[in-house]
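Below, each chain spelled out in residue letters.
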Amino acid sequence: MTGQVRGVQLARLLGQWHALPGRRRSPDYAALAGTVRGLLADGRLPLGVRLPAERELAEALRISRTTVTAAYRQLRETGHLASRRGAGSWTMLPGNHRVASTGLWTPLDDREMLDLGVAALAAPPQLLSAARAATEDLPRYLSGAGYHPTGIIELREAVADAYTARGLPTSPDQIMVTSGTQHALDLVLRLALAPGGTVLVESPTYPNALAALAGRRARITTHGLAADAGWEPDLLLGSLRQTRPKLAYLIPEFQNPTGHLMPASLRERVVAAAHAVGTDLIIDESFVDLSMDGTELPPPVATYDRHSRVVSIGGMSKPYWGGLRIGWVRASAPQVQRLAAVRVGVDMASPVLDQLVAVHLLADAEAIVADRRVQLAVQRDALLGALAHRLPEWRVTVPRGGVTLWAELDGPVSSALARAAEEVGVRLAPGPRFGLDGTLERFLRLPFTLPAADLVEAVGRIAAVRYDLDRAGRQRWREPAVIA
Ligand SMILES: Cc1ncc(COP(=O)(O)O)c(C=O)c1O
């Protein structure tokens, strides 16, 4: 068991359950049970949580207790609820399905494959000149041993300056350079989380973060994001207060995969709630540079931190190039020293030459990032246009930044669609990859990091196989497809 949902919280998640389309034909208890199943399948209601007692939910929904009793009975019969007399009822999926959320995402060497599994851009043209300039700088470092566990000072200064420019005064001794954001996350987990510790994550979330957490044998609880609205403040704060996790891992800027941007007011409340319950926050700022449509960014989450509760991580991969393998941690200076001590036992330090390349790219940040934003906006719009044309039943919330959109499909077919798309040369990352336990089958992440023509072509091929899936017979709600 990882927690419990209170009656008022479940009532909020259930929303307009009694007025769903086609509802008039089914009794109340069936509509209630069906909505709970939908919430489970979409990852908005976590698995393994205790549902409110029947009386409590009946009061919260202002319906009779017999309706709730019948709904719970039906959920038990369909395998969505396990009950123990006197102890309560826990959410589950039929047949105890679980899906591995880890997996290799490296594209195969297949030139014809349109790879929508990886959400990252090709290198910007300025990369080559930055690399050449870096080799010119290298001699300055060659007389030393070349090990800089916290990173070379020039890069730490450049990263610290960027935080300061975002309104968060930062000194270089608060920065540790890492080999990518993923490495930053792994190091922070090594320092801050004992094996088996509890961590709250968003659902859906970044799959490789789940892999890093699995590596620490973390016990994970989830906060389900609403497809259109993102974080639900009271539910998120309620989860923090109830589960009191050791850590929470959040992606507040253009969340991967949903593209949502956390508003300033929630940032402030999350930091306050985390401090009150003793939770440390890992804030992944991978996409912070990539806002579009003139969207103003709220202050960094760490702005609201007075007690060194917030550790921010970020890197070069999304605005610049993943192949550079440069990321960083922003924390208090003592935390950085502790992280460096951990790091020495892992990989000692990051390559000096790559760090010098990063310094040159950051010196040209304004121009490079401006180009990236324009490129991404064009590609996003091409993807949205192709979807509207070829798959008009799919629903998407237009992301105002980042590199991905989170499509709500016309059925729980994401894994089946990914398998079929592979046959026609499109690699997809299906919804369940972004959650736990086989949920999120109704969703698909679509990155807009490929050129517009490739995105249009990919959507055409996806639409063709989607149509074939229908002819082969629709998947049903109660049989979530599993990838192992
Ligand atoms: C949210 C998030 N965090 C971390 C990473 C990993 O980034 P890096 O290549 O810097 O390790 C990614 C890459 O997709 C990401 O989307």
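Residues numbered from 1 in each chain as written. Predicted model: local features only at pLDDT ≥ 70, side-chain atom pairs only at ≥ 80, totals over all residues. Heavy atoms only, no water.

Asker: Teacher, can you tell me more about the overall build of the chain here?
Answerer: Helix and strand counts for the chain stand at 16 helices and 16 strands. Radius of gyration (C-alpha) of the chain: 23 Å, near the 23 Å computed for a compact globule of 484 residues. In the chain, which comprises 484 residues, the share counted as buried stands at 56%. Within the chain, contacts between residues at least 6 apart in sequence are counted, and of these 75% link residues at least 24 apart. Mean positive and mean negative side-chain charge positions of the chain (54 and 48 charges, respectively) differ by 10 Å. (Helix = DSSP H or I, 4+ residues; strand = E, 2+ residues; numbered from the N terminus. Rg over C-alpha atoms; globule rule 2.2 N^0.38 Å. Buried < 20%, exposed > 50% of the residue type's maximum accessible area, 1.4 Å probe, protein only. Contact = heavy atoms within 4.5 Å. Lys, Arg positive; Asp, Glu negative; His and termini not counted. Charge placed at Lys NZ, Arg CZ, Asp CG, Glu CD.)

Asker: In this structure, what is going on with the nonpolar core? I would like to understand it.
Answerer: Considering soluble globular proteins, one finds that nonpolar side chains tend to be buried as a cluster. Residues Trp394, Leu428 and Leu446 are the most contacted members of the largest nonpolar core, which totals 66 residues. The element contributing the most residues to this core is helix 16 (residues 452–471), with seven residues. Excluding residues within four positions of it along the chain, Leu446 makes contact with Leu116, Leu383, Leu387, Trp394, Val403, Thr404, Leu405, Ala407, Leu428 and Ile462. Counting residues in hydrophobic clusters, the runner-up holds 46 residues, among them Val159, Ile175, Leu240 and Leu324. (Core = buried A, V, L, I, M, F, W, Y, C linked by side-chain atoms within 4.5 Å.)

Asker: Even after reading the chapter, I still don't get the site of the ligand, so can you show me in this structure?
Answerer: The immediate surroundings of the ligand are formed by 13 residues, with Thr181, Asn256, Asp284, Ser317 and Lys318 found nearest. Between an oxygen atom of the ligand and a main-chain N or O atom of Gln182, the distance comes to 2.9 Å. Taking Asn256, its side chain carries an N or O atom lying 2.8 Å from an oxygen atom of the ligand. Look at the ligand: alone it shows 400 Å² of surface, and the protein chains cover 92% of it. Residues that form the shell around the ligand fall into these classes: four nonpolar, six polar and three charged. (Near = heavy atom within 4 Å. Polar contact = N/O pair within 3.5 Å; in protein donor to acceptor, adjacent residues only side chain to side chain. Areas by Shrake-Rupley, 256 points an atom, 1.4 Å probe, with all protein chains shown as cover. Nonpolar A, V, L, I, M, F, W, Y, C, P; charged D, E, K, R; others polar.)

Asker: Which parts of the structure should I look at to understand a nonpolar patch on the surface?
Answerer: Together, Tyr147, Val344 and Met348 line one region of the surface with nonpolar side chains, adding up to about 300 Å² of accessible area. Looking at the element boundaries, Tyr147 is found in the loop between helix 6 (139–142) and helix 7 (153–165). (Patch = residues over 30% accessible without salt bridge, like charges linked within 9 Å, V, L, I, M, F, W, Y side chains within 5 Å. Salt bridge = Lys/Arg side-chain N within 4 Å of Asp/Glu carboxyl O.)

Asker: How should the packing of aromatic side chains be read in this particular structure?
Answerer: A ring pair, where both rings are aromatic, is described by two values, the distance of the centres and the angle of the planes. Counted by the stated rule, this structure contains two aromatic pairs. On the numbers, 5.7 Å between centres and 75° between planes, the contact of Trp406 with Phe434 is edge-to-face. Of this pair, Trp406 sits in strand 14 (residues 404–408) while Phe434 sits in the loop between strand 15 (426–430) and strand 16 (443–447), and the two are 28 residues apart along the sequence. Across the pair, Phe434 and Trp406 agree in class, each one buried. (Phe/Tyr/Trp six-rings, centres within 6.5 Å; stacked < 30°, edge-to-face > 60°.)

Asker: Would you mind showing me how to read the environment of Gln375 here?
Answerer: As for its position among the elements, Gln375 is in helix 14 (residues 365–390). Considered as a pair, Gln375 and Thr181 are 194 residues apart in the sequence and their alpha carbons are 23 Å apart.

Asker: Can you help me understand empty space enclosed by the protein in this one?
Answerer: Empty pockets left among the atoms are what a rolling probe the size of a water molecule brings to light. Counting across every chain of the model gives two cavities of 30 Å³ or more. Taken as a whole, the largest cavity encloses approximately 260 Å³ of empty space. Taken together, 19 residues form the lining of the largest cavity, with Gln4, Val5, Pro46, Thr222 and Ser239 sitting closest to its centre. Of all the secondary-structure elements, those providing two or more residues to the lining of the largest cavity are strand 1 (3–4), helix 1 (7–14), strand 8 (219–224) and helix 10 (233–243). (1 Å grid on protein atoms, 1.4 Å probe; cavity = no way out; pocket = protein on both sides within 12 Å on 5 of 7 lines; lining within 4 Å. Points joined across faces, edges and corners; volume = space filled by probe spheres on them.)

Asker: In this structure, what is going on with the sheet that holds strand 13 (residues 395–396)? I would like to understand it.
Answerer: Paired through their backbone hydrogen bonds, the strands of a sheet run either parallel or antiparallel. Taken in spatial order, the five strands of this open sheet run 5-15-16-14-13, and their pairing is mixed. The outermost strands of the open sheet, each flanked by one partner alone, are strand 5 (114–116) and strand 13. Relative to strand 16, strand 15 is paired through two bridges, and the arrangement is antiparallel. Its bridge partner lying in strand 16, Ala429 is registered against Arg445. Together, strand 15 and strand 16 form the strand contacts of helix 15 (residues 414–423), whose direction differs from that of strand 15 by roughly 165°. (Pairing = 2+ DSSP bridges. Axes fitted to C-alpha atoms, helices over the stretch in contact; angles between N-to-C directions.)

Asker: How should unusual backbone geometry be read in this particular structure?
Answerer: The phi torsion of most residues other than glycine is negative, and most of the peptide bonds are trans. Residue Ser203 is joined to Pro204 through a cis peptide bond whose omega torsion reads 5°. For Ser308, which is not a glycine, the phi torsion comes out positive at approximately 50°. Inspection of the secondary structure puts Ser308 in the loop between strand 10 (280–284) and strand 11 (310–315). Look at Met348: it is not a glycine, yet its phi comes out positive at around 70°. As for its position among the elements, Met348 is in the loop between helix 12 (333–344) and helix 13 (352–363).

Asker: Just to check I follow, could you spell out the environment of Gly294 for this structure?
Answerer: Looking at the element boundaries, Gly294 is found in the loop between strand 10 and strand 11. With relative accessibility at 70%, the residue Gly294 sits in the exposed group. For the pair Gly294 and Arg373, spaced 79 residues apart in sequence, the C-alpha separation works out to 9.9 Å.

Asker: Is there a simple way to explain the packing of helix 1 against helix 3 (residues 54–61) in this structure?
Answerer: Two numbers describe a pair of packed helices, the interaxial angle and the distance between the axes. Interhelical geometry of helix 1 versus helix 3 gives an angle of 50° and a closest axis separation of 8 Å. Between helix 1 and helix 3, the crossing angle belongs to the class labelled oblique. The crossing of helix 1 and helix 3 is right-handed. Taken together, the residues of helix 3 that come into contact with helix 1 (itself represented by Gly7, Val8, Leu10, Ala11 and Leu14) are Glu56, Leu57, Ala60 and Leu61. Of the residues that constitute the contact of helix 1 with helix 3, the class distribution is seven nonpolar, one polar and one charged. (Parallel < 35°, antiparallel > 145°, perpendicular 65-115°, else oblique. Left-handed = near helix turned anticlockwise from the far one by under 90°.)

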